[in-house]
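A structural walkthrough
The lines below spell out each chain.
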Amino acid sequence: TGDTVNIDYEGKKDENSKTKWAVCRQLIDGDNVTFSYIENYIRFYAGMTPDEMCRVGWECFHDKFQRKFYPEMKELLGNLEEYGIEIWVITASPELLYQRFIHEELGIPVDRIIGVKSCIRDGIVTDETVRPIPQDAGKAEALNTFIKARPILVGGNSRGDMEMMRESVGLRILVNPDDAKPEQAMGGKTVKSYWENDPMTLIVASDDRPDKSIEWTTGKLGVARNPSHPKP
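Here is a short report on the structure shown in this document. Computed from a prediction, not measured in an experiment: that's the story for all the values here.

**With respect to the overall build of the protein chain**
- Assigned secondary structure in the protein chain consists of nine helices and six strands.
- Whereas a compact globule of 232 residues would reach a radius of gyration of roughly 17 Å, the protein chain reaches 18 Å, a difference of no more than 12%.
- Reported as C-alpha extents along the three principal axes, the dimensions of the protein chain are approximately 55 × 35 × 35 Å.
- Among the 232 residues that make up the protein chain, the fraction classed as buried is 39%.
- If you take every contact in the protein chain between residues at least 6 apart in sequence, the share linking residues at least 24 apart comes to 52%.
- Only carbon and sulfur atoms are counted for the fraction: they give 51% of the accessible area of the protein chain, which is about 13600 Å².
- Once the 30 positive and 38 negative side-chain charges of the protein chain are each reduced to a mean point, those two points are 3 Å apart.

This is how it looks when you write it as structure tokens:
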């Protein structure tokens, strides 16, 4: 697996650490559904090799999230594969962070795991993002740009998946949707209320609650946690 990649920049005095920590503070204080947040996310990892960036995501997954995939999701993916249906992943996070552990955990080919792409120059990840950026409408653009086929099923859980879910020519699956925050892009409706009257959308619940055995860094930094969705 190689050595652990060191990305601990807090309190260090060298210029690289100070620059990286400043970006980290922008991420902590920023809104994680904006394009500027995504660009800062990419800027934070710029300077690594692709392998190092893959290892960061892999190490984080194995340290905090292994064995926490929704079992229903694994069962669904297994059934789809059995019927010969191609499975793709589109994420608004840097794809290099996700590709290795998703491939190892779910068996999805790396080239079918699409996220925010960085320009790689001379073997180094740069802070230049490749368009389209798969956030909000950009997820639908990424689908049409990189996959080039209309899906028969699309799954999502948030406002950021709306445009991508509309691309489905068949079913949509909405997992643990928010039913508290009105979304302007959804006509002032919550994510749940926007989709619940669509006959082609199936709303499902999976058990999603914080692991109380882990002391999350977000709590120390004052970052709001995602809402808990305990399964009824």
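So much for the structure itself; the text now carries on.
**Some details on the packing of helix α1 (residues 15–29) against helix α2 (residues 35–45)**
- For the pair α1 and α2, the least separation of the axes is 9 Å and the interaxial angle reads 155°. As summarised for this structure, α1 and α2 are arranged roughly antiparallel, according to the angle between their axes. In this structure, α1 crosses over α2, and the sense of that crossing is left-handed. Across the interface between the two elements, Lys20, Val23, Cys24, Gln26 and Leu27 of α1 pack against Tyr37, Asn40, Tyr41, Arg43, Phe44 and Tyr45 of α2.
- Class assignment for the residues of the contact of α1 with α2 results in seven nonpolar, two polar and two charged.

**Focus: the packing of aromatic side chains**
- Within the structure shown, the criterion is met by seven aromatic pairs.
- Aromatic side chains Tyr194 and Trp195 sit 5.0 Å apart centroid to centroid with 85° between the ring planes, which places their arrangement in the edge-to-face category.
- Every member of this aromatic cluster is reached through a ring pair, and the members are Tyr37, Tyr41, Phe44 and Tyr45.
- Of note, Arg100 hangs over the ring of Trp58, and the distance from its end group to the ring centre comes to 4.3 Å.

**Some words on the packing of helix α3 (residues 50–65) against helix α5 (residues 95–106)**
- Contact geometry for α3 and α5: axes closest at 7 Å, N-to-C directions at 55°. In terms of orientation, α3 lies oblique with respect to α5. Regarding α3 and α5, the two cross each other, and that crossing is right-handed. For the pair α3 and α5, the contacting residues are Pro50, Met53, Cys54, Arg55, Val56, Gly57, Trp58, Phe61 and His62 in the first and Leu96, Leu97, Arg100, Phe101, Glu104 and Glu105 in the second.
- The class makeup of the residues in the contact of α3 with α5 is nine nonpolar, two polar and four charged.

**Quick look at unusual backbone geometry**
- Cis peptide bonds are those with omega within 30 degrees of zero, and the linkage from Arg131 to Pro132 qualifies with 0°.
- Looking at where Pro132 falls in the secondary structure, it is placed in the loop between β3 (124–130) and α6 (137–147).
- If you check the backbone angles, Asp136 has positive phi at about 55° while not being a glycine.
- Positionally, Asp136 belongs in the loop between β3 and α6.

**Topic: the sheet that holds β3**
- Spatial strand order, β1-β2-β3: three strands in an open sheet with mixed pairing. The sheet terminates laterally at β1 (89–94) and β3, the two strands that pair on one side only. Averaged over all pairs of adjacent strands, the angle between their axes in this sheet comes to 55°, without regard to strand direction.
- The pairing of β1 with strand β2 (residues 113–121) spans three bridges and is parallel.

Rules behind the numbers
- Residues numbered from 1 in each chain as written.
- Predicted model: local features only at pLDDT ≥ 70, side-chain atom pairs only at ≥ 80, totals over all residues.
- Heavy atoms only, no water.
- Helix = DSSP H or I, 4+ residues; strand = E, 2+ residues; numbered from the N terminus.
- Rg over C-alpha atoms; globule rule 2.2 N^0.38 Å.
- Buried < 20%, exposed > 50% of the residue type's maximum accessible area, 1.4 Å probe, protein only.
- Contact = heavy atoms within 4.5 Å.
- Areas by Shrake-Rupley, 256 points an atom, 1.4 Å probe, with all protein chains shown as cover.
- Lys, Arg positive; Asp, Glu negative; His and termini not counted.
- Charge placed at Lys NZ, Arg CZ, Asp CG, Glu CD.
- Axes fitted to C-alpha atoms, helices over the stretch in contact; angles between N-to-C directions.
- Parallel < 35°, antiparallel > 145°, perpendicular 65-115°, else oblique.
- Left-handed = near helix turned anticlockwise from the far one by under 90°.
- Nonpolar A, V, L, I, M, F, W, Y, C, P; charged D, E, K, R; others polar.
- Phe/Tyr/Trp six-rings, centres within 6.5 Å; stacked < 30°, edge-to-face > 60°.
- Lys NZ or Arg CZ within 6 Å of the ring centre and 35° of its normal.
- Pairing = 2+ DSSP bridges.

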